[in-house]
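One-letter residues, chain by chain:
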Amino acid sequence: MTSPLNPLTRFITDKANCWQLSEYLSHGGYDGLTRAMEMSADELLDSIKQSNLRGRGGAGFPTGLKWSFVPRGADAPREKYLIVNADEMEPGAFKDRWLLEQTPHQIIEGLLIGGLTLGATQGYIFLRGDYYLAEERLQQAIEECKQHQLLGRDILGRGIQGQAFNFEIHLHSSAGRYICGEETALINAMEGKRATPRAKPPFPQVVGLWGKPTIVNNVETFCNLPHIINFGSDWFKALGKGQDAGTKIFGVSGRVKRPGLWELPMGTSIREIIEHHAGGMCDGYRLKGFLPGGGSTDFLLEEHLDALMDYDEISKLGSRMGTGTIIILDDKYCPVSMVLNLVRFFAQESCGWCTPCRDGLPWAVSLLEKIERGEGEPKDIDQLEDLCDFAAPGNTFCALAPGAVEPLQSALKYFRQDFETHIKHQCCPYHDERVAKKA
Ligand code: NAD
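The residue count restarts for each chain, going from 1 along the sequence in the order it is written. Local features in this predicted model are restricted to residues of pLDDT 70 or higher, and side-chain atom pairs are both shown and tallied only at a pLDDT of 80 or more, whereas totals for entire chains, interfaces and linings draw on every residue. Each side-chain value is derived from all of the structure's non-hydrogen atoms; neither hydrogens nor water enter the calculation.

Novice: Pulling in residues and values, what's your account of the sheet that holds strand β1 (residues 81-86)?
Specialist: As summarised here, the arrangement of the four strands in space is β3-β2-β1-β4, forming an open sheet in which the pairing is parallel. Lying at the two open borders of the sheet, with one neighbouring strand each, are β3 (168-173) and β4 (214-218). Each strand axis lies, on average, 20 degrees off the axis of its neighbour in the sheet, ignoring direction. Sheet topology places β1 next to β4; five bridges connect them, and they run parallel. When the bridges of β4 are listed, Ile83 appears paired with Val216. Strands qualify as paired when DSSP identifies two bridges or more between them. Numbering of helices and strands runs from the N terminus; a helix is a DSSP stretch of H or I covering at least four residues, while a strand is a stretch of E covering at least two. Each axis is a line fitted through C-alpha atoms, and for a helix only the stretch in contact is used; angles between axes span 0 to 180 degrees, taken between their N-to-C directions.

Novice: Can you break down the pairing of strand β5 (residues 247-253) residue by residue, with the values?
Specialist: Counting buried residues in β5 gives seven out of seven residues, a clear majority hidden from the surface. Alternating positions in β5 separate into two faces, Thr247, Ile249, Gly251 and Ser253 on one and Lys248, Phe250 and Val252 on the other, with burial throughout. Inspection of the sheet shows β5 paired to strand β6 (residues 260-265) by six bridges, in the antiparallel sense. Bridging across to β6, Val252 finds its partner in Gly260. Remark: six residues form the turn of the hairpin made by β5 and β6, two consecutive strands paired antiparallel; Gly254 in that turn has positive phi of roughly 120 degrees. Across three bridges, the pairing between β5 and strand β8 (residues 325-330) is parallel. The residue of β8 that forms the bridge with Gly251 is Thr325. Accessible area is worked out with a 1.4 Å probe on protein chains only. A residue is then buried under 20% of its type maximum, exposed over 50%, and partly exposed in between.

Novice: Describe the packing of helix α3 (residues 41-50) against helix α9 (residues 219-231), and please don't skip the residues or the numbers.
Specialist: It is the contact of α3 with α9, at a shortest axis distance of 10 Å, that shows an interaxial angle of 105 degrees. What the angle tells us is that α3 and α9 run roughly perpendicular. Taking contact as the criterion, the partners of Leu44, Ser47 and Ile48 in α3 are, on α9, Leu225, Ile228 and Ile229. Its residues assigned to classes, the contact of α3 with α9 shows five nonpolar, one polar and no charged. Geometric relationships in this document are graded by angle, where less than 35 degrees denotes roughly parallel, more than 145 denotes roughly antiparallel, 65 to 115 denotes roughly perpendicular, and other angles denote oblique. Here a residue-residue contact requires only that any non-hydrogen atoms of the pair lie within 4.5 Å. Put simply, Ala, Val, Leu, Ile, Met, Phe, Trp, Tyr, Cys and Pro go in the nonpolar bin, Asp, Glu, Lys and Arg in the charged bin, and everything else, Gly too, in the polar bin.

Novice: I'd love a proper account of the site of the ligand, names of residues and values included.
Specialist: Only a single heavy atom is needed: when it lies within 4 Å of a molecule or strand, its residue is near that molecule or strand. The environment of the ligand is formed by 18 residues, the closest being Gly57, Lys66, Glu183, Gln205 and Arg320. Accessibility throughout is a Shrake-Rupley quantity obtained with a 1.4 Å probe, and a residue counts as covered only by protein chains that appear here. Starting from 840 Å² of accessible surface for the ligand in isolation, the protein chains cover 74%. Per the annotation, domain bounds derive from an automatic or database assignment of domains. For the shell around the ligand, the two domains that each supply at least three residues are domain 1 (21-239) and domain 2 (247-330).

Novice: Describe the nonpolar core, and please don't skip the residues or the numbers.
Specialist: Among the nonpolar cores identified, the biggest contains 56 residues, and Tyr30, Trp67, Leu82, Leu100, Ile108, Leu112 and Phe167 are the most heavily contacted of them. What Phe167 contacts, discounting residues up to four positions off in sequence, is Leu82, Leu111, Leu112, Gly115, Ala120, Thr121, Gln122, Gly123, Leu151, Gly152 and Ile155. In this description, a nonpolar core means a group of buried Ala, Val, Leu, Ile, Met, Phe, Trp, Tyr and Cys residues linked to one another through side-chain atoms lying within 4.5 Å.

Novice: I'd like a rundown of unusual backbone geometry, residues and numbers included.
Specialist: Between Lys200 and the following residue, Pro201, the backbone shows a cis peptide bond with an omega angle of -5 degrees. For Pro201, the location among the structural elements is in the loop between α8 (183-190) and β4. The omega torsion of the bond from Pro201 to Pro202 falls at 0 degrees, within 30 degrees of zero and hence cis. Tracing the backbone through its elements, the reader meets Pro202 in the loop between α8 and β4. Phi is positive for Trp210, which is not a glycine, with a value near 50 degrees.

Novice: Outline the sheet that holds β6, supporting the account with residue identities and numerical values.
Specialist: On the basis of which strands lie adjacent, the open sheet formed by four strands has the order β6-β5-β8-β7 and mixed pairing. In the strand order of this sheet, the two ends are held by β6 and β7 (287-291), each with one partner. Each adjacent strand pair in this sheet contributes to an overall mean axis angle of 30 degrees, direction not counted.

Novice: So what's going on with the domain arrangement of the chain? Which residues, and what values?
Specialist: Assigned domains of the chain: these are domain 1 (21-239), domain 2 (247-330) and domain 3 (335-438). Domain 1 and domain 3 are separated by 37 Å when their C-alpha centres are compared. Contacts between the two partners involve twelve residues from domain 1 and, on the opposite side, eleven residues from domain 3. The contact between domain 1 and domain 3 buries some 1000 Å² in all, and 71% of this surface belongs to carbon and sulfur atoms. Notably, a salt bridge pairs Arg177 with Glu349, separated by 3.4 Å at the nearest N-O pair. For this analysis, a polar contact is any N or O atom pair within 3.5 Å, provided that within protein one partner can donate a hydrogen and the other can accept it, and provided that sequence-adjacent residues contribute only side-chain to side-chain pairs. Summed over the shared surface of domain 1 and domain 3, the result is four residue pairs in polar contact (both at pLDDT 80 or more). Classifying every residue of the side of domain 1 that touches domain 3 gives seven nonpolar, one polar and four charged. The term buried area means the drop in 1.4 Å probe accessible area that two parts suffer when joined, counted for both and summed. The salt bridge criterion pairs a side-chain nitrogen of Lys or Arg with a carboxyl oxygen of Asp or Glu, the two atoms within 4 Å.

Novice: A description of the environment of Ser269 should follow, citing residues and the corresponding values.
Specialist: Relative to the helices and strands, Ser269 is located in the loop between β6 and α11 (270-277). We classify Ser269 as buried; its relative accessible area is 17%. It is 15 Å that separates the C-alpha atoms of Ser269 and Ser319, two residues lying 50 residues apart in sequence. Among residues more than four places away in sequence, those in contact with Ser269 are Leu305, Asp306, Ala307 and Leu308.

Novice: Residues and numbers for the side chain of Asn218, please.
Specialist: Relative to the helices and strands, Asn218 is located in strand β4. At 2.7 Å, the side chain of Asn218 and the side chain of Asp96 are in polar contact. Beyond its immediate stretch of four places on either side in the chain, Asn218 contacts Arg56, Gly57, Val84, Asn85, Lys95 and Asp96.

And the structure:
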């Protein structure tokens, strides 16, 4: 197999059964596992570190570095766990769903390579509760693997340094809360506890599921591992166009001609994604702004279109690449209403543990509702700004509240005039034609 430019999606073909084992094998599936079984755990970890793979769930933490925190050696706990975070609930994100439904074996292969790297024998897939098709296909894929000695005892019948490699995968469907995607809340949920985040440190890599070392990584992160091992870390690094390595599943939703998902090199420009792959804005609509990486990122503007989709590049602009799934704000959609919709979602999904999230987000919702229905006062804008400061990182246990206020604080910065027009004319100018013409 020659090294592909679209390693993650080359398995997704027009064939009706492309998620099945036979199809996966016919495209070079499980070659990464075969290769990994010839390597030592140190060599595997080194390859992952060298590849510069960064976590694809949204935070972009270096995967090899994260994995290197797992205790190893004679004194390390015998039990270690790997968890695929498939609880995709970020507004605007639907990339993991594609991978889960179309290439379940790629995720299993990534988990098996993780097992070899860290000496773990148990893997879990924590799946968003309403991803029913993904659940069905993952379950089928797990069964196929068991039948073909790709899961269970003595995988592929070949020992590693004289010892059989055993690995099991458990599928855990979430009861359906956004907060369960936060890794420590996820672990609490799996232990049957209330899904509130834990204080970090200790990080799960050291004290995780059942108190044992645990790696939690996103679906797309695990999907990259077979290819890094199969084609090498230099190949992976060279795939990126900018600073970051590999490819990424980017997406666009909103009023564009072809909303969708595409696997593209890291460092692809935002302009290329929106104008070329998504076909540009629908006729009669102009781009007013966009959230580059899902609902918990800061707005960017048309002037930022030439920026590259790399973690640090987007951070330099005051936003985050997050999940890489862009949400478009067009000129006919009210930014106050869009932000209200997002903050309302996050307020509803708060676990209620910390004050900025439990009390601050509903307060922001009530102020946004007041402005949107035409009863806003100038002081409401100041209060919204105070609430954004109140929810800043460091004031909360997890990233939910800081993420929730990112679209709000950037809307107040870039679309302030829209908030002021609502207050001045005591109505939503996007709904009231006369005001819209004057504004
Ligand atoms: P985080 O930056 O706190 O952590 C990211 C990962 O790096 C974690 O696994 C954490 O254990 C590890 N890490 C960070 N600092 C570390 C350290 N000092 N030592 C050891 N390990 C360390 O971010 P988070 O709270 O896990 O995730 C927030 C992100 O999740 C946001 O960027 C958001 O975009 C994204 N998100 C995604 C979805 C989705 O559906 N994909 C949903 C919600 C949020």
